[in-house]
Amino acid sequence: MPDGAQAVLHVEGLKTVFKVRGGEVHAVNSVSFDIKPSELLGVVGESGSGKSVTMMSLLGLLPSPPAEVREGRVMFDGRDLLKCSPKELREVRGLGVGFIFQDPMTSLNPVFTIGFQLMEPLRRHLGMNKTEARKRAQELLELVNIPDAGQRLGDYPHQFSGGMRQRVMIAIALACDPKVLIADEPTTALDVTIQAQILELIRELRQKLGMAIVWITHDLGVIAGIADRVMVMYGGQIVEQAPVRELFAHPRHPYTRALLKTVPSVLGKRAAKLNVIEGQPPMLIETPASCPFRPRCVHAVERCARENPLRRPVGNGHDVACFRDFDASGAVT
Amino acid sequence: MFDHAPSQKTLVEVDGLKLYFPITAGLFRRRVGDVKAVDGVSFNIYQGETLGLVGESGCGKSTCGRALLRLYNVTDGSIRIGGVDIARLSADALRRMRPTMQMVFQDPQASLNPRMTVAGIIGEPLDEHTTLSRAEKLARIYELMDAVGLSRDFANRYPHAFSGGQRQRIGIARALALNPRFIVCDEPIAALDVSIQAQVVNLLEELQDRLGLTYLFISHDLSMVRHIADRVAVMYLGKIVELATREALYERPMHPYTQALLSAVPEPDPVHEASRRRIILTGDVPSPANPPQGCNFCTRCPKVMDICRRVEPASRELEPGRFVACHLYETATTAGATAAENGSGKTRLSTNNPTTQQGV
Ligand SMILES: Nc1ncnc2c1ncn2[C@@H]1O[C@H](COP(=O)(O)OP(=O)(O)O)[C@@H](O)[C@H]1O
Ligand SMILES: Nc1ncnc2c1ncn2[C@@H]1O[C@H](COP(=O)(O)OP(=O)(O)O)[C@@H](O)[C@H]1O
Ligand code: SF4
Ligand SMILES: [Mg+2]
Ligand SMILES: [Mg+2]
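Per chain, residues are indexed from 1 in the order of the written sequence. To read the labels, note that chains go from A and ligands from 1, taken in the order they are written. Side-chain atom pairs in this predicted model are given and counted only at pLDDT of 80 or more, local residue features only at pLDDT of at least 70, and totals for whole chains, interfaces and linings cover all residues. Excluding hydrogens and water, the side-chain values take into account all heavy atoms of the structure.

When helices and strands are tallied, chain A shows 12 helices and 12 strands. Taking 20 Å as the expected radius of gyration for a compact globule of 333 residues, we find that chain A reaches 21 Å, a close match to that expectation. Overall size of chain A, expressed as C-alpha extent along the three principal axes, is 65 × 50 × 40 Å. Taking all 333 residues of chain A together, 51% fall into the buried category. Helix and strand definitions here come from DSSP, where helices need a minimum of 4 consecutive H or I residues and strands a minimum of 2 consecutive E residues; each element is numbered from the N-terminal end. Here the globule rule reads 2.2 Å times residues to the power 0.38, and the radius of gyration is calculated from C-alpha atoms. Whether a residue is buried, partly exposed or exposed follows from its accessible area with a 1.4 Å probe, protein chains only, as a fraction of its type maximum: under 20%, in between, or over 50%, in that order.

In structure tokens, the structure reads:
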């Protein structure tokens, strides 16, 4: 599994807990993964499965309290980010790892021009002077295909449409040429034709820039379209991980399998009735001592209630956290 | 008139519906323009069917759905439900019609009163519109809870104690309380998780079969609409650009916007995604306060022609039951275009002709 040596980012045994009234929320449990240079790692899972909290934990972006990163190592550039000072972390966020959030309106400052917000990190982290920063800012807007980039530097966020704002966010995240770009549901709030524009832009930028990207989404279609490798999260854990074609062709985890069957499609045969995953996702009030999917799993056996399955390799770069085995046709073996 | 299966009975008949929101300015709130949220749409909904209404945010889907229930006063056009034009009904007559038409909202959280119990929420329409005794009312509430798969034990709990999917069940039970015939479902699954969406969609389908309900299903999720709808109307900037049966629309979209929309939906299949040809539209949707001249889609259409920037394309029945508003299909002769130029451009050629050959 994880091979620390060649990864740009290496995460091991991450555990994040929220202290809430009347107890704790164990949002992220023993999460381990690698990001390799220039790959696009898709992270898929429904809301509450721990996708955002995992990524925010890496860079100290969670307010503490209530959040507490209890265990784990996050190796980047030869150091453990969980042991870094707030000042060092700011540096990493500025230079090493870019972040794009779902809602650009909450992450863009409404009172500053787009130009200012693009130039600020360039001046602070790269020490550019005003003229240099302005030139680079315009290049960045051009890079994300904003028409009349030069003139638009003086505009405020509200003067841009939703899709354009998300492009600006991408430009800001790319400003200092990060090694890793983490995009947290960047197209979820956008319309599908605008989402298609952004996905096309990302495909283009990957060709040009070659950075590693983590793309978080709940949309299996988006994952299928852009990811090289996929992690499936459920109940605060990674339940399955595989190269994208392998995952869609041979899903192993009962959750992944059920999820793939429950989403309708605009192509192919139309099912008379949708497949349903009964029940609700888990509450996460303590460290899981059983498989988090067990209450909803049609294949659960007695052991699933006693033990939380570890991820185990099943070949082809594929691993799964499930005690049971399924052959290609989906039958239990 | 839109019959694709002539034996079917029409329940809802919308003709030339317009709904404008005034834009005002200055101290005296002078009217300086209109947001043309719904700008002349016509369609029918058959009894017992689901008509899907799709399109991107801001294109007027919710406004259209609300107008159909007369939650807004319409600017122009007629809405006949069971033969009665509700666009012109008096407040009193409208109140009497209310029970027959209901709405299920997107955000189950926001649409349920947090200070009322589940029983209170579901029973509220019964208080307003019936004279049931307490016991009768409770029996009806239990019946409704059973119908939507909510345990009766939950009757005295408050909405915050429920998950999104369960809250949507409460909303549906409430909508069913007065035995409606017609329900507008406005993005009922948009706020729900993928694994919960199917539960709610299956429930809506089951209830439709059992109770003979008619739905207008508003959604931006084209895959889900393909699953649930019998026919689909595609909206763009206040207008319906294409309306067809589910099969026809998804297999062979005709309007350039429908084509782009479908091609933008990511498919959960990496092999297909790697090889597919996508139509990437440039730019954004224009403002409904200032729609372009000619075809509303002309600013983004990959197939735009000269005429598109001057003349609004009429919605025409190109095949039985299939309506498309696009100059591309204005037959080889320029006669249609000239006629449209001279006229208002809003005539629906041949749609009112009962002798048009019908399929089936
Ligand atoms: N500030 C917080 N306080 C308490 N619990 C939180 C907080 N933020 C997130 N959580 C919980 O952590 C879990 C994981 O959340 P998140 O990572 O945001 O999920 P995702 O991004 O996959 O939708 C959820 O159960 C959520 O309720
Ligand atoms: N109450 C209102 N007042 C003014 N404008 C409105 C109102 N409701 C909706 N609109 C505008 O009408 C257009 C259509 O909105 P809506 O029907 O909500 O679209 P959709 O449901 O397709 O997203 C949008 O431009 C929206 O901003
Ligand atoms: S009428 Fe013209 S602009 Fe409008 S959709 Fe058809 S081809 Fe495109
Ligand atoms: Mg999230
Ligand atoms: Mg809406």
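On we go.
Quick look at the pattern of salt bridges now. A side-chain nitrogen of Lys or Arg and a carboxyl oxygen of Asp or Glu constitute a salt bridge if their distance falls within 4 Å. The full count for this structure, using the stated rule, is 41 salt bridges over all chains. Linking A:Asp155 and A:Arg152 is a salt bridge whose minimum nitrogen-to-oxygen distance equals 2.9 Å. Here B:Asp34 and B:Arg31 are joined by a salt bridge, their closest N and O atoms 2.4 Å apart. Overlapping salt bridges bring together A:Lys19, A:Glu24, A:Glu68 and A:Arg70 as one network.

All names here are of chain B. If DSSP finds at least two bridges between two strands, the strands pair. One open sheet holds the 4 strands; their spatial order is β2-β1-β4-β5, and the pairing between them is antiparallel. Of all strands in the sheet, those bounded by a partner on one side alone are β2 (30-46) and β5 (84-85). Strand direction decides the pairing type here: strand β1 (residues 10-25) and β2, joined by 13 bridges, are antiparallel. For Leu19, the partnering residue across the bridge sits in β2 and is Val38.

Here the focus is the environment of A:Asp191. On the secondary structure map, A:Asp191 appears in the loop between β7 (180-184) and α8 (192-209). C-alpha of A:Asp191 to C-alpha of A:Leu181: the two residues are 10 residues apart in sequence and 22 Å apart in space. Contacts between residues were defined by any pair of non-hydrogen atoms, one from each residue, lying within 4.5 Å. Setting aside chain neighbours within four positions, we find A:Asp191 in contact with B:Glu56 and B:Ser57.

Let us now look at the site of ligand 2. All names here are of chain B. When at least one non-hydrogen atom of a residue lies within 4 Å of a molecule or strand, that residue is treated as near it. For ligand 2, the full set of nearby residues is Phe21, Val35, Ala37, Glu56, Ser57, Gly58, Cys59, Gly60, Lys61, Ser62, Thr63 and Pro288. At 2.8 Å, a backbone N or O of Lys61 approaches an oxygen atom of ligand 2. In isolation ligand 2 exposes 560 Å². Once the protein is present, 62% of that is buried. At 3 residues, helix α1 (residues 61-68) tops the list of elements feeding residues into the shell around ligand 2. For this classification, Asp, Glu, Lys and Arg are treated as charged, while Ala, Val, Leu, Ile, Met, Phe, Trp, Tyr, Cys and Pro are nonpolar and the rest, including Gly, are polar. Taken together, the residues of the shell around ligand 2 break down into 5 nonpolar, 5 polar and 2 charged. Whenever two N or O atoms come within 3.5 Å, that pair is a polar contact, provided that in protein one can donate a hydrogen and the other can accept it, and provided that, for residues adjacent in sequence, both atoms are side-chain atoms. Surface accessibility in these figures is a Shrake-Rupley result with a 1.4 Å probe; residues are shielded only by whichever protein chains are displayed.

All right, on to the environment of B:Gln47 then. Residue and element names in this part refer to chain B. Counting through the fold element by element, Gln47 comes out in the loop between β2 and β3 (50-54). When the C-alpha atoms of Gln47 and Thr10 are compared, they prove to be 5.7 Å apart, with 37 residues separating the residues in sequence. Ignoring anything within four residues of it in the chain, the contact list for Gln47 reads Gln8, Lys9, Leu11, Arg181 and Thr214.

Chain B puts 42 residues into the contact, and the matching count from chain A is 44 residues. The term buried area denotes the loss of accessible surface (1.4 Å probe radius) that occurs when two parts are joined, taken as the sum for both partners. The contact between chain B and chain A buries some 3,700 Å² in all, and 57% of this surface belongs to carbon and sulfur atoms. When residues of chain B are sorted by the area they lose upon contact with chain A, B:Val194, B:Arg226 and B:Pro270 head the list and together hold 17% of the total. For B:Glu206, the salt bridge goes to A:Lys273, with nearest N and O atoms at 3.7 Å. Remark: the boundary between chain B and chain A carries 21 residue pairs in polar contact (both at pLDDT 80 or more). Listed by contribution, the elements that provide at least two residues to the side of chain B that touches chain A are α7 (194-211), α8 (222-228), α9 (246-251), α10 (256-264) and α11 (270-275) of chain B. Counting residues per element, the side of chain B that touches chain A draws most heavily on α7(B), at 9 residues. Of the residues in the side of chain B that touches chain A, the class split is 18 nonpolar, 12 polar and 12 charged.

All names here are of chain A. Reading across from one edge, β2-β1-β4-β5 is the order of the 4 strands in this open sheet, with antiparallel pairing throughout. The open sheet has two edge strands, β2 (23-35) and β5 (79-80), and neither has a second partner. With 2 bridges joining them, strand β4 (residues 67-76) and β5 adopt antiparallel strand pairing. Within β5, the position partnered with Met75 by the bridge is Asp80. Axis angles are defined between N-to-C directions and span 0 to 180 degrees, where every axis is a line fitted to C-alpha atoms and, for a helix, only to the segment in contact. Of the strands in this sheet, β1 (9-20), β2 and β4 touch helix α1 (residues 51-58), which is tilted by about 110° from β1.

All right, on to helix α4 (residues 114-126) of chain A then. Residues and elements named next belong to chain A. Helix length check: α4, at 13 residues, gives a terminal C-alpha distance of 18 Å against a target of 18 Å (1.5 Å per residue), a fit within 8%. The set of residues buried in α4 consists of Ile114, Gly115, Gln117, Leu118, Met119, Pro121, Leu122 and His125. Of the surrounding secondary structure, the elements contacted by the buried residues of α4 are α2 (86-95), α5 (130-143), α6 (149-152) and α7 (162-174). Remark: Gly127 follows α4 within two positions and exhibits a positive phi of approximately 65°. To estimate how far a helix should reach, multiply one less than its number of residues by 1.5 Å.

In this section: the site of ligand 3. Close to ligand 3 lie B:His255, B:Pro256, B:Cys295, B:Phe297, B:Cys298, B:Cys301, B:Lys303, B:Cys308, B:Pro313, B:Cys326, B:His327 and B:Leu328. By residue class, the composition of the shell around ligand 3 is 9 nonpolar, 2 polar and 1 charged.

With that settled, the discussion passes to the confidence of the model for chain A. For chain A, per-residue confidence averages 91 on the pLDDT scale, and residues scoring 70 or more make up 96% of the total. Known as pLDDT, the predictor's confidence for each residue is given on a scale from 0 to 100. Here residues 1-5 of chain A scores under 50 on pLDDT; set against residues more than four positions off or in separate chains, the count is 7 contacts.

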